[in-house]
Amino acid sequence: NPMRIIDEIMAYNGTLNNSMKRIVTLEDLGSIVGLDPVKDLLLLDYITMNEDRHNHNIALLINSRTKEIKLAPIYDNGYSLLYDDVDRIGKFKNCSRNAVSNAPLYNCAFSNLERLVKKYTAGRSLDGVNVEYIVNKHRDRYNFIRVRYSLNNIELSDKWFDCIIEFLKWRITLYESLQTDAYE
């Protein structure tokens, strides 16, 4: 059958806020979709320093037949990785101390996000994550799509990707030190 019926609809977390008449917490979200997907989102946002996880940058997929609810794939991560300036990325360790987060899900502060990471991801190791492989795979894919489809996207320099690799390694090191602190 060439026609495919799509059974899933998307609902923004902001819709839940309106129906619950309050800000949805991580616990609320975890009770709806399970804590593992919420922990994954939390960890990714911490590692990438996502400054923009507000209530319309997180969504749920609801299967209209089965009523199963799951976290939608992440989207709109444009304010991650100290996004706006290659020179700033190169000085990221100093900049990160001043970073703020427009993220009601995390109570609008990276210090609170750090506390939540300690609480929810204790014991989870990122040892062995091959940052270079992951970033280079995305670099190649980005360049392929940009050229193949003649997109007007900017050409990201090798310096930018190298800074991203260094940044992610540094954030993973910070995460691992949080895990060590959580057990002391």
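Residues numbered from 1 in each chain as written. Predicted model: local features only at pLDDT ≥ 70, side-chain atom pairs only at ≥ 80, totals over all residues. Heavy atoms only, no water.

Asks: Please provide a residue-by-residue account of a nonpolar patch on the surface, values included.
Replies: Residues Val129, Tyr133 and Ile134 make up a contiguous nonpolar surface patch of about 280 Å² in total accessible area. If you trace the backbone, valine 129 turns up in the loop between α6 (110-120) and α7 (131-148). With relative accessibility at 38%, the residue valine 129 sits in the partly exposed group. (Patch = residues over 30% accessible without salt bridge, like charges linked within 9 Å, V, L, I, M, F, W, Y side chains within 5 Å. Areas by Shrake-Rupley, 256 points an atom, 1.4 Å probe, with all protein chains shown as cover. Salt bridge = Lys/Arg side-chain N within 4 Å of Asp/Glu carboxyl O. Helix = DSSP H or I, 4+ residues; strand = E, 2+ residues; numbered from the N terminus. Buried < 20%, exposed > 50% of the residue type's maximum accessible area, 1.4 Å probe, protein only.)

Asks: Give a detailed account of helix α2 (residues 26-33), specifying residues and quantitative values.
Replies: Taken together, the buried positions of α2 are Leu26, Asp28, Leu29, Gly30 and Val33. Just downstream of α2 lies glycine 34, where phi reads positive at about 95°.

Asks: Hey, could you go over the packing of aromatic side chains for me, with residue numbers and the actual values?
Replies: Per the stated rule, a full pass over the model turns up two aromatic pairs. With a centroid separation of 5.0 Å and 90° between ring planes, the pair formed by tryptophan 160 and phenylalanine 161 is classed as edge-to-face. Taken together, a centroid distance of 6.1 Å and an interplanar angle of 55° make the contact between phenylalanine 167 and tryptophan 170 tilted. Highlighted residues: phenylalanine 167 and tryptophan 170, both in helix α8 (residues 158-183), separated by three residues, approximately one helical turn. In this structure tryptophan 170 comes out as buried when scored by relative accessible area, which is 16%. (Phe/Tyr/Trp six-rings, centres within 6.5 Å; stacked < 30°, edge-to-face > 60°.)

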